[in-house]
Amino acid sequence: MKPFRMKATYIAVATLLGALGAASSLPAYAETEIEALKRELADQRKQMAEQRAMIEKLLAVQGAQKESIEKIEARPAQAAAQASGPAGPAGQGINVMKGLTLYGTLDVNVASTNSGYGRKTTVGSGGMTASSIGLKGERELMEGLRVVGEAEMGVDFSTGSVSNGPIDNGINKGVPTSGALLGTGNQLFSRQAYVGLASDTYGQVTLGRQYTASYVAAALMGNAFGAGFYGTSGDFLPIIGGMPTRLNNSIVYRSPNLSGFSVWATYTVGNENNVNETTVSGTGRVTDSSGAGWDLGVFYRGEKLTAGATAWDLYNASFAQNETDLAKKRGWQVMANYDFGFAKVYGNYVSGRISGGNYENVTKTLSKADGWSLSGSVPFGRHTFIASYTRVDDKSLLNRDGSLVGIGYTYKFQDATWLYLNWGKQFNNSNASYSLLNGGDLVGSVVKPGYDPSGVMMGINSRF
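Residues numbered from 1 in each chain as written. Predicted model: local features only at pLDDT ≥ 70, side-chain atom pairs only at ≥ 80, totals over all residues. Heavy atoms only, no water.

Undergrad: How should I be thinking about the overall build of the chain in this particular structure?
TA: Each helix and strand in the chain was counted, giving two helices and 24 strands. Taking the contacts inside the chain whose residues are at least 6 apart along the sequence as the reference set, 59% of them involve residues at least 24 apart. Carbon together with sulfur atoms contributes 60% to the accessible area of the chain, which is approximately 24,600 Å² in total. (Helix = DSSP H or I, 4+ residues; strand = E, 2+ residues; numbered from the N terminus. Contact = heavy atoms within 4.5 Å. Areas by Shrake-Rupley, 256 points an atom, 1.4 Å probe, with all protein chains shown as cover.)

Shown next, in the form of structure tokens:
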């Protein structure tokens, strides 16, 4: 029995010691598992933090993209709303698709006029401004750079026509020009048609048929009537020096506004036909230099003061049979307007001459002339009262002097709709036969020199 007891005792002791050893190993094993779990949890937290940072970065990029898209989509409407072209400030326009805006001016009136043949009542379409419809497009190419374009046509709502005749491209009429386009057809987009690039930093360069700085200064910035109404200097002063209004085949650079100052420069190649000889066309003798030249304007726009100076130098479009070569059309002008709050006053002075190729002794018309205008507007709530006086002194051998007066009233229904009433009278000296014009209508050609045409009209003008 004694050996058995000793063996049992050994077995018990061994079992106990094994149990104690196993128990002593449990804390080490448990500690290893916990550390592993901690490391795994730390890795998961790190991954989650990285994923969260990536999501936040993606959301920031998406927000920036959305802001850029909204900015691009808003530009055409803002440009239309802020435009100050020769037709005056436009309405908001309609975004027909991303980057493309449809806009227009609707103007109709009833007028009573007399150009020397008795009084005549007419329905017109272009009293306060000419009626027009246009498309303006813009697309972002990269940050700060975009492609821009515009096509605008004149519309006569009294007849439904576009009021434009066939194009005369000069010498090569009837044969391919401009990328195999025939040189005949209707000039549908007669007001503007251009495409180019615009930079927020460096300005805008566009090519096509475009307004000149000189005309914008004379027709919009330099007189209270703008480019419409009987009595506007915008239809009278540009005859001096053959001031260019819109130029075909032109390149225009418009600088950004720098401390209120900006530059508007235009160059036109003129006749696009590749010849170097004098050829007879329907309007006279032309060369490949016909119409070529430049126009330049420098402007300042402050809080209350707007001022500018422009100049131009272009070849005439053609020359008469007894002239020896193309004459040059040269001129300059200064203009300013100042807003006193209770009234806004405008002034403009223009001087120019058409000379060379014996023009002064053959055609003679306004070979040397100067003129000026003074006008103002007085707002009173929704009402605005306008008055203007313009004088042209013709120093050519023809001596055709003239003066122009106009009085107007507008009532503003909404931001872009007006009712208007207007009277104007053209005074001609015994040699002159200037007609009375408004935004798009003609009282009638004055055949008898010395007659003073007059007109009165009322109408509605709305812009969208």
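Undergrad: Any chance you could explain the packing of aromatic side chains here in plain terms?
TA: The geometry of an aromatic ring pair comes down to the distance between the two centres and the angle between the two planes. For the structure on display, the rule yields eleven aromatic pairs. When the ring of Phe 225 is compared with that of Phe 229, the centres are 5.2 Å apart and the planes differ by 50°; the resulting orientation is tilted. For the pair shown, Phe 225 and Phe 229 are each scored as buried. Among the aromatic residues, those joined into a cluster by ring pairs are Phe 225, Phe 229 and Tyr 420. Positioned above the aromatic ring of Tyr 103, the side-chain terminus of Lys 136 is 5.8 Å from the ring centre. The residue whose ring lies beneath Lys 328 is Tyr 315, and the NZ or CZ to ring-centre distance is 4.6 Å. (Phe/Tyr/Trp six-rings, centres within 6.5 Å; stacked < 30°, edge-to-face > 60°. Buried < 20%, exposed > 50% of the residue type's maximum accessible area, 1.4 Å probe, protein only. Lys NZ or Arg CZ within 6 Å of the ring centre and 35° of its normal.)

Undergrad: What should I look at first to understand the nonpolar core in this one?
TA: Looking at soluble globular proteins, one finds that nonpolar side chains tend to be buried together. In terms of nonpolar packing, the biggest core is built from 28 residues, with Phe 229, Tyr 230, Ile 240, Val 350 and Met 457 touching the most fellow members. Of all elements in the fold, only strand S17 (305-315), strand S19 (344-355), strand S21 (383-394) and strand S23 (417-428) reach the threshold of two or more residues within this core. Formed by twelve residues, the second largest nonpolar core is a distinct cluster that contains Ala 219, Met 221, Val 252 and Trp 264. (Core = buried A, V, L, I, M, F, W, Y, C linked by side-chain atoms within 4.5 Å.)

Undergrad: Explain the pattern of salt bridges here, please?
TA: Opposite charge on two side chains permits them to pair, given that their charged atoms come into close proximity. If you walk through the whole model with that rule in mind, you get seven salt bridges. Two residues, Asp 200 and Arg 146, come together in a salt bridge whose shortest N-O distance is 2.7 Å. Taken together, the residues Asp 200 in the loop between strand S10 (192-199) and strand S11 (203-211) and Arg 146 in strand S7 (residues 145-154) connect sequence positions 54 residues apart. By relative accessible area, which is 13% here, Arg 146 ends up buried. In this structure, Lys 395 engages Asp 370 in a salt bridge whose closest nitrogen and oxygen atoms are separated by 2.7 Å. (Salt bridge = Lys/Arg side-chain N within 4 Å of Asp/Glu carboxyl O.)

Undergrad: How should I be thinking about the pairing of S19 in this particular structure?
TA: The side chains of a regular strand alternate between both faces of the sheet. In terms of strand pairing, strand S18 (residues 328-339) meets S19 through twelve bridges, oriented antiparallel. The residue of S19 that forms the bridge with Asn 337 is Tyr 346. The hairpin formed by S18 and S19 contains four residues between the paired strands, and Gly 341 there has a positive phi angle of roughly 95°. Relative to strand S20 (residues 368-380), S19 runs antiparallel, the two being bridged by ten bridges. Residue pairing in the sheet places Tyr 346 in a bridge with Ser 375 of S20. (Pairing = 2+ DSSP bridges.)

Undergrad: Can you walk me through the side chain of Asp 313 in this structure?
TA: For Asp 313, the position within the fold is in strand S17. Discounting chain neighbours no more than four positions away, the residues touching Asp 313 are Ala 292, Gly 293, Trp 294, Lys 328, Lys 329 and Arg 330.

Undergrad: Which parts of the structure should I look at to understand helix H2 (residues 213-221)?
TA: Helical geometry note: an α-helix holds 3.6 residues per turn, so side chains three or four residues apart project in the same direction. Where burial is concerned, most of H2 is hidden: nine out of the nine residues are buried. Inspection of H2 places Ala 213, Ser 214, Tyr 215, Val 216, Ala 217, Ala 218, Ala 219, Leu 220 and Met 221 among the buried residues, and these make up the whole buried set.

Undergrad: Could you clarify how one ought to interpret the environment of Ser 367 in this entry?
TA: The topology assignment puts Ser 367 in the loop between S19 and S20. The class of Ser 367 is buried, set by a relative accessible area of 8%. Each C-alpha atom, one on Ser 367 and one on Ala 327, is 9.6 Å from the other, the two residues being 40 residues apart in sequence. For Ser 367, the residues in contact, after removing those within four places along its chain, are Gly 352, Arg 353, Ile 354, Tyr 359, Glu 360 and Ser 396.

Undergrad: Help me understand unusual backbone geometry, please; the structure alone is not making it clear to me.
TA: What you tend to see is this: most non-glycine residues have negative phi, and most peptide bonds are trans. Phi at Asn 249 is positive, roughly 50°, even though this residue is not glycine. Structurally, Asn 249 can be placed in strand S12 (residues 246-254). For Lys 364, which is not glycine, the phi torsion reads 75° and is therefore positive. Within the fold, Lys 364 resides in the loop between S19 and S20.

Undergrad: In this structure, what is going on with the pairing of strand S16 (residues 293-301)? I would like to understand it.
TA: Judged from the eight bridges that link them, strand S13 (residues 261-268) and S16 form a sheet pairing that is antiparallel. The residue of S16 that forms the bridge with Tyr 267 is Trp 294. Relative to S17, S16 is paired through nine bridges, and the arrangement is antiparallel. When the bridges of S17 are listed, Val 298 appears paired with Ala 309. Remark: three residues form the turn of the hairpin made by S16 and S17, two consecutive strands paired antiparallel.

Undergrad: Quick question: what am I supposed to make of the environment of Val 155 here?
TA: Structurally, the position occupied by Val 155 is in the loop between S7 and strand S8 (176-177). With sequence-adjacent residues up to four places away left out, Val 155 is seen in contact with Ser 125, Ser 131, Ser 132, Ile 133 and Ser 161.

Undergrad: Help me out: how do you make sense of a nonpolar patch on the surface in this one?
TA: On the surface, Val 205, Leu 207, Ile 251, Tyr 253, Phe 261, Val 263, Tyr 267, Val 269, Trp 294, Leu 296 and Val 298 cluster together to form a nonpolar patch covering roughly 910 Å² of accessible area. Elements that contribute at least two residues to the nonpolar patch include exactly S11, S12, S13 and S16. Inspection of the secondary structure assignment puts Ile 251 in strand S12. (Patch = residues over 30% accessible without salt bridge, like charges linked within 9 Å, V, L, I, M, F, W, Y side chains within 5 Å.)

Undergrad: Just to check I follow, could you spell out the side chain of Asp 156 for this structure?
TA: You can see Asp 156 is positioned in the loop between S7 and S8. Put simply, Asp 156 is tucked away with no salt bridge, and the nearest opposite charge, on Arg 191, sits 12 Å away. (Lys, Arg positive; Asp, Glu negative; His and termini not counted.)

Undergrad: So what exactly am I meant to see when it comes to the confidence of the model for the chain here?
TA: Any residue range with low pLDDT should be treated as having predicted coordinates unsuitable for detailed reading. Chain-level statistics for the chain give a pLDDT mean of 83 and a share of 80% at 70 or above. Within the model, pLDDT remains below 50 along residues 72-87, and this stretch shows 35 contacts once partners closer than five positions in the same chain are excluded. Every residue in residues 168-174 scores below 50 in pLDDT, and together they form 23 contacts with partners more than four places removed in sequence or on other chains. (pLDDT = per-residue confidence, 0-100.)

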